[in-house]
Amino acid sequence: MLPLTSILSPFLAIIRSPLATGPIASAALSAVHSFFACGLVRHDAPTIDAALAELSTSISRCKFEASDSSGDEVVLLRILKAIEDCMCSSVGNLLDDVEVCELLETVLTTCVQMRLSGQS
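Here is what the cut-offs are and how they apply
- Residues numbered from 1 in each chain as written.
- Predicted model: local features only at pLDDT ≥ 70, side-chain atom pairs only at ≥ 80, totals over all residues.
- Heavy atoms only, no water.
- Helix = DSSP H or I, 4+ residues; strand = E, 2+ residues; numbered from the N terminus.
- Rg over C-alpha atoms; globule rule 2.2 N^0.38 Å.
- Buried < 20%, exposed > 50% of the residue type's maximum accessible area, 1.4 Å probe, protein only.
- Areas by Shrake-Rupley, 256 points an atom, 1.4 Å probe, with all protein chains shown as cover.
- Lys, Arg positive; Asp, Glu negative; His and termini not counted.
- Charge placed at Lys NZ, Arg CZ, Asp CG, Glu CD.
- Phe/Tyr/Trp six-rings, centres within 6.5 Å; stacked < 30°, edge-to-face > 60°.
- Contact = heavy atoms within 4.5 Å.
- 1 Å grid on protein atoms, 1.4 Å probe; cavity = no way out; pocket = protein on both sides within 12 Å on 5 of 7 lines; lining within 4 Å.
- Points joined across faces, edges and corners; volume = space filled by probe spheres on them.
- Core = buried A, V, L, I, M, F, W, Y, C linked by side-chain atoms within 4.5 Å.
- Expected span 1.5 Å × (residues − 1).

Student: Teacher, can you tell me more about the overall build of the chain here?
Tutor: Summing up its helical and strand segments, the chain has five helices and zero strands in all. Scanning the chain from its N terminus toward the C terminus, one meets helices and strands in the order α-α-α-α-α. Relative to the compact-globule value of 14 Å for 120 residues, the chain shows a C-alpha radius of gyration of 14 Å, a close match. Principal axes of the C-alpha set define a box for the chain whose edges measure 40 × 25 × 20 Å. Within the span of the chain, comprising 120 residues, buried residues form 36% of the whole. For the chain, the computed accessible surface area is about 6,400 Å², with 61% contributed by carbon and sulfur atoms. Counting 7 positive and 14 negative side-chain charges, the chain places the averaged centre of each group 3 Å from the other.

Here's what the structure looks like:
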């Protein structure tokens, strides 16, 4: 079985890349959600601790080129969904305090961004 870090790495690189457009970042975040939904991210997965650390850091540092406001809001919502997947799944208890704080800070920042864009 492949290490989880190897499977996630290409998607996380896109999520972190400031050159990624909103639709590309959205697709990468959607893929990460699919990995959780399909049960690929689980307690007994090889390198789960390293994968969760890299995942939380990547989500917290998600960058994308803003394009249209509705597309950008979709990316922000997908960021929130990825955070929910990390924290509320069966592997959420494997996150350490720093990772949880990073993710919660991202939630707050994302909510402020959405509010400033006129969404409630």
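Read on, since the account is not over.
Student: How should the packing of aromatic side chains be read in this particular structure?
Tutor: Given two aromatic rings, their pairing is described by the distance between the two centres and the angle made by the two planes. Counted by the stated rule, this structure contains one aromatic pair. Ring centres of F11 and F35 lie 5.2 Å apart, and the angle between their planes is 75 degrees; on these two criteria the pair is classed as edge-to-face. Of this pair, F11 sits in helix α1 (residues 4-16) while F35 sits in helix α2 (residues 22-37); the two residues are 24 residues apart in sequence, bridging distant segments of the chain.

Student: Teacher, can you tell me more about the side chain of D85 here?
Tutor: Note on placement: D85 falls in helix α4 (residues 69-88). We classify D85 as buried; its relative accessible area is 9%. The contacts of D85, once residues within four sequence positions are left out, are H33 and F36.

Student: Got a minute to help me understand the layout of surface pockets in this structure?
Tutor: Empty space among the atoms can be located by rolling a probe the size of a water molecule over them. Here the largest pocket is characterised by a volume of approximately 370 Å³. Lining the largest pocket are 19 residues; nearest its centre among them are C62, L76, T109, T110 and Q113. Every element with two or more residues in the lining of the largest pocket is listed here: α3 (48-60), α4 and α5 (97-116). Take the lining of the largest pocket: its biggest share by element is six residues, from α5.

Student: Quick question: what am I supposed to make of the nonpolar core here?
Tutor: One recurring pattern in soluble globular proteins: nonpolar side chains tend to sit buried together. In this structure, V41, L55, I59 and I79 are the most contacted members of the largest nonpolar core, which totals 28 residues. Of all elements in the fold, only α1, α2, α3, α4 and α5 reach the threshold of two or more residues within this core. Residues within four places of V41 in sequence aside, it is in contact with L4, F35, F36, I48, L52 and V91.

Student: Explanation requested: α4 in the structure shown.
Tutor: Residues spaced three or four apart along an α-helix point in a common direction, a consequence of the helix completing one turn every 3.6 residues. In a regular helix each residue adds 1.5 Å, so 20 residues correspond to 28 Å; α4 covers 28 Å between its end C-alpha atoms and thus fits that length. Within the span of α4, buried status applies to D72, E73, V75, L76, I79, A82, I83, D85 and C86.

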